[in-house]
Amino acid sequence: MSKIVVDPITRIEGHLRVEAEVSGGKISNAWVSGTMFRGIETILKGRDPRDAWYWTQRFCGVCTTVHSIASIRAVEDALKIPVPPNAQLIRNIIIAIQNTQDHVIHFYHLHALDWVDITSGLKADPVKTAQLAASISDWPNNSPTYFKSVQDRVKAFVGSGRLGPFANAYWGHPAYKLPPEANLMATAHYLEALEWQKDIIKIHAILGSKNPHPQTFLVGGMSIPIDPDSQNALNADKLIEVKRLLHKAQEFVEKVYIPDLLAVASFYKDWAGIGAGVGNYMCYPEFPDASGKPWLPGGAILNRDISKVVPLDQKKITEHVEHSWYQDAGSEGKGLHPWEGSSEPNYTGPKPPYQYLDTDKKYSWVKAPRYEEKAMEVGPLSRVLVAYVSGHKETKAAVDLVLKKLGVGPEALFSTLGRTGARGIDCLVIAQQAPKWLDELIGNIAKGDLRIHSNELWDPATWPAEAHGYGWHEAPRGGLGHWIKIKDQKILNYQAVVPSTWNASPRDAKGQAGPYEAALLGTPVANPEQPLEILRTIHSFDPCLACAVHVLDATGREMIRVKAS
Ligand code: NFE
Ligand code: MG
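Residues numbered from 1 in each chain as written. Chains lettered and ligands numbered in written order. Predicted model: local features only at pLDDT ≥ 70, side-chain atom pairs only at ≥ 80, totals over all residues. Heavy atoms only, no water.

> Honestly, the layout of surface pockets in this entry has me stumped. Any pointers?
The volume enclosed by the largest pocket comes to roughly 460 Å³. Along its surface, the largest pocket is lined by 17 residues, and Arg-73, Gln-88, Pro-288, Gly-292 and Trp-472 are the ones closest to its centre. Elements that contribute at least two residues to the lining of the largest pocket include exactly α3 (66-79), α4 (85-111), β8 (286-288) and β13 (466-475). Split into classes, the residues belonging to the lining of the largest pocket amount to eight nonpolar, four polar and five charged. Taken as a whole, the second largest pocket spans an internal volume of roughly 210 Å³. In this structure, the second largest pocket is lined by 16 residues; those nearest its centre are Gly-61, Val-62, Gln-101, Asp-102 and Ile-105. Classifying every residue of the lining of the second largest pocket gives six nonpolar, six polar and four charged. (1 Å grid on protein atoms, 1.4 Å probe; cavity = no way out; pocket = protein on both sides within 12 Å on 5 of 7 lines; lining within 4 Å. Points joined across faces, edges and corners; volume = space filled by probe spheres on them. Helix = DSSP H or I, 4+ residues; strand = E, 2+ residues; numbered from the N terminus. Nonpolar A, V, L, I, M, F, W, Y, C, P; charged D, E, K, R; others polar.)

Below, the structure written as structure tokens:
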């Protein structure tokens, strides 16, 4: 048995470390550590609850909208503040385009290089690449000249020795299976996706005044005025531009992302049997309509039982810190509900440089959230499973199509490949739905409904002396919850339980592993010096450690490094 350390795992946001025991060429035990602390929950205390979204948005620079949405929903829940339909629709569009951009970036820029060998694409025949591209999609950039030009660009990169984002990968690793033409096609789309994503996210700049970190959120609605005829408002021109960009987003997902995903996945079907994880899946309801009814259902699937979805009860959510560097503060041996939780740091790990963390004790800045004391996977796979089992029409159609194309059953979803496939399905159904919310918004405006926020209960003098609430949101990486307690018009306690906190969770007080840790079990490792397979499974969750721990400075950075691209 040998123990390998991958630290930092790169092409993710933040600092993540994996320690894994390998025996017989497979991972037999694994520990995952967030090696960075943040303190934003702590500095929220005493502030005006209406300002919280502005602070929480700074938890992360990747999912730049999600902590605002969860925050304003938590305050609206606590103070029972209604939200007008136009604001719900604008929020839905903002959430949808965040999700679309995030998933495409993940597939091409954060995950594809685990499956696509860029250097192999240099050997591709551009004519055959063009034939391959035309056989899977009618996307117009499919001429031999185009693929030759991409090949020349990459050759120039390699020739100059300045590989940039393509440096330090495990090029030539035996676990890469794509033919050179598929590698070249995917490389071309990697570059196209870079251009595309910066364009479509302009929707945030239009509806939110800027990106990252849009500025038009507001407890009780949104702060962007609607006026079809004013230059200083959401007017007819801006709505048309949003429509164009939503179409552009949808088209790329349909014609590039999904065909590429299916093409790549067909070479890696063995990964439908690897990386299963904890087997419990949870998501929150999302995309409320005017009456608050969600377009995507929430719920849980336990022990991979897809015969039913278990309804959620927020009271059953707790966070353990038995193995996390926080003060135990009443949580010894059990988890605390977020209204009772605290995030006071208590680093007890080794001083750097160190070889291994003491995984019998505290070993991560990530807490261990549990639902009914169970570790839960969150993210696109959970959303897709819950929607599929609930009979959500669009999701069901997309899942059935993908499973049929790959010739696999629904059980294939419980895997590293399933997680990566589900992200595509999630992206597709949401990108196809977003224009409908825009049409609804335009319809409301045409009828003369320009309301964008409710003034009710804005004045703190109208609030009760004490209130508490929670806000749920499905961020790209999964279920995000903010819990708030308000006393005398100020924040008394604030806790965020974030998607990557669920997934990157360490052991809890009962010793139960978190989703990444569980998913690594049984993962083959052909060459411990080049643990490409660990990257595949961890990246399939799309980790974001800044979100998971929400603090500012790096502490306890290790010194042994297995090179991970
Ligand atoms: Ni920092 Fe985030 C998302 C949130 S991750 S990216 O999606 O919330 O956990
Ligand atoms: Mg937290």
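> In this structure, what is going on with empty space enclosed by the protein? I would like to understand it.
If you walk through the whole model with that rule in mind, you get 10 cavities of 30 Å³ or more. Looking at the largest cavity, its volume works out to about 120 Å³. Lining the largest cavity are 14 residues, with Val-402, Leu-406, Leu-417, Gly-418 and Gly-421 positioned closest to its centre. With four residues, the top contributor of residues to the lining of the largest cavity is helix α12 (residues 416-446). Among the residues making up the lining of the largest cavity, the classes are represented as 12 nonpolar, two polar and no charged. Of the volumes computed, that of the second largest cavity is approximately 70 Å³. Lining the second largest cavity are Glu-319, Val-321, Gln-327, Asp-328, Ser-331, Leu-336, Gly-341, Ser-342 and Lys-367. Looking at the lining of the second largest cavity residue by residue, the class counts come to two nonpolar, four polar and three charged.

> Got a minute to help me understand the packing of helix α5 (residues 126-136) against helix α6 (residues 144-160) in this structure?
Across the interface, α5 lies against α6 with an axial gap of 8 Å and an inter-helix angle of 120 degrees. Judged on the interaxial angle alone, α6 and α5 are oblique. In the packing of α5 onto α6, the handedness of the crossing is right-handed. Contacts between α5 and α6 pair Pro-126, Val-127, Thr-129, Ala-130 and Ala-133 from the former with Pro-144, Phe-147, Lys-148 and Gln-151 from the latter. Residues belonging to the contact of α5 with α6 are distributed by class as follows: six nonpolar, two polar and one charged. (Axes fitted to C-alpha atoms, helices over the stretch in contact; angles between N-to-C directions. Parallel < 35°, antiparallel > 145°, perpendicular 65-115°, else oblique. Left-handed = near helix turned anticlockwise from the far one by under 90°. Contact = heavy atoms within 4.5 Å.)

> In this structure, what is going on with the site of ligand 1? I would like to understand it.
If you check the shell around ligand 1, you find 13 residues, and the closest are Cys-60, Cys-63, Ser-500, Cys-544 and Cys-547. Residue Arg-477 places a side-chain N or O atom 2.8 Å away from an oxygen atom belonging to ligand 1. Here an oxygen atom of ligand 1 sits 2.7 Å away from a polar atom, N or O, in the main chain of Ser-500. Of all the secondary-structure elements, those providing two or more residues to the shell around ligand 1 are α3 and α13 (499-503). A per-class count over the shell around ligand 1 returns 10 nonpolar, two polar and one charged. (Near = heavy atom within 4 Å. Polar contact = N/O pair within 3.5 Å; in protein donor to acceptor, adjacent residues only side chain to side chain.)

> When you look at the packing of aromatic side chains in this model, what are you seeing that I'm missing?
Tallied over the entire structure, the rule returns 26 aromatic pairs. Between Phe-107 and Tyr-257, the aromatic rings sit 5.0 Å apart at their centres with planes inclined by 40 degrees, giving tilted as the arrangement. On the criterion of sequence distance, the pair formed by Phe-107 in helix α4 and Tyr-257 in helix α9 (residues 236-265) is long-range, its members being 150 residues apart. In this structure, Phe-107 and Tyr-257 share a single accessibility class: buried. Judged by centre distance (5.6 Å) and plane angle (85 degrees), the rings of Trp-115 and Trp-271 are edge-to-face. Remark: Trp-271 occurs in the loop between α9 and β7 (281-283) and Trp-115 occurs in the loop between α4 and α5; sequence separation between them is 156 residues. Comparing Trp-115 with Trp-271, the two get one shared label, buried. (Phe/Tyr/Trp six-rings, centres within 6.5 Å; stacked < 30°, edge-to-face > 60°. Buried < 20%, exposed > 50% of the residue type's maximum accessible area, 1.4 Å probe, protein only.)

> So what exactly am I meant to see when it comes to the coordination of the nickel atom of ligand 1 here?
Six octahedral donors around a metal ideally subtend angles of 90 or 180 degrees, whereas four tetrahedral donors ideally subtend 109.5 degrees. Here the nickel atom of ligand 1 is held by the protein donor atoms Cys-60 (SG), Cys-544 (SG) and Cys-547 (SG), which lie 2.2 to 2.3 Å from it. Metal-centred angles of 98 to 124 degrees between the four donor atoms at the nickel atom of ligand 1 mark the site as tetrahedral. Here the donor residues of the nickel atom of ligand 1 are spaced in sequence according to C-x483-C-x2-C. In this structure the iron atom of ligand 1 is found 3.2 Å away from the nickel atom of ligand 1, and Cys-547 serves as a bridging donor for the pair. Here the residue Cys-60 occupies a position in the loop between α2 (52-56) and α3, and Cys-544 occupies one in the loop between α15 (532-540) and α16 (545-549), the gap between them amounting to 484 residues. (Donors = N, O, S within 2.8 Å, 3.2 Å for Na, K, Ca; no water. Tetrahedral: all angles 85-135°; square planar, octahedral: opposite > 155°, others 65-115°.)

> Where do I start with the pattern of salt bridges in this structure?
Any two side chains of opposite charge can pair, on the condition that their charged atoms come close. All chains considered together, the criterion is met by 35 salt bridges. Notably, a salt bridge pairs Asp-48 with Arg-50, separated by 2.7 Å at the nearest N-O pair. Across the pair, Arg-50 and Asp-48 agree in class, each one buried. For Lys-510, the salt bridge identified is with Glu-373, shortest N-O distance 3.8 Å. Of the two residues, Lys-510 sits in the loop between α13 and α14 (515-520) while Glu-373 sits in the loop between β12 (368-371) and α10 (380-390), which places them 137 residues apart along the sequence. For Lys-510, a relative accessible area of 59% corresponds to the exposed category. The partly exposed category is assigned to Glu-373, whose relative accessible area is 25%. Each of Lys-3, Asp-7, Arg-17 and Glu-19 takes part in one network of salt bridges that share partners. (Salt bridge = Lys/Arg side-chain N within 4 Å of Asp/Glu carboxyl O.)

> What is the right way to look at the packing of α4 against helix α7 (residues 180-200) in this model?
A packed helix pair is summarised by two numbers, namely the angle formed by the two axes and the spacing between the axes. Where α4 contacts α7, the axes come no closer than 9 Å and their chain directions differ by 155 degrees. Here α4 is positioned roughly antiparallel relative to α7, judged by the angle of their axes. Note that α4 runs across α7; the crossing there is left-handed. Between α4 and α7, the residues in contact are Ile-97, Thr-100, Gln-101, Val-104, Ile-105, Tyr-108 and His-109 and Ala-186, His-189, Tyr-190, Ala-193, Leu-194, Trp-196, Gln-197 and Ile-200, respectively. When grouped by side-chain class, the residues that make up the contact of α4 with α7 number 10 nonpolar, five polar and no charged.

> Please clarify how the pairing of β12 should be interpreted in this entry.
Moving residue by residue along a regular strand, the side chains alternate between the two faces of the sheet. Burial along β12 is two-sided: the face carrying Ala-368 and Arg-370 and the face carrying Pro-369 and Tyr-371 are both buried. Two elements, strand β11 (residues 317-320) and β12, share four bridges in a ladder whose sense is antiparallel. The partner of Thr-318 across the bridge, within β12, is Arg-370. (Pairing = 2+ DSSP bridges.)

Take it as geometry only, folks, not as evidence of what the structure does.
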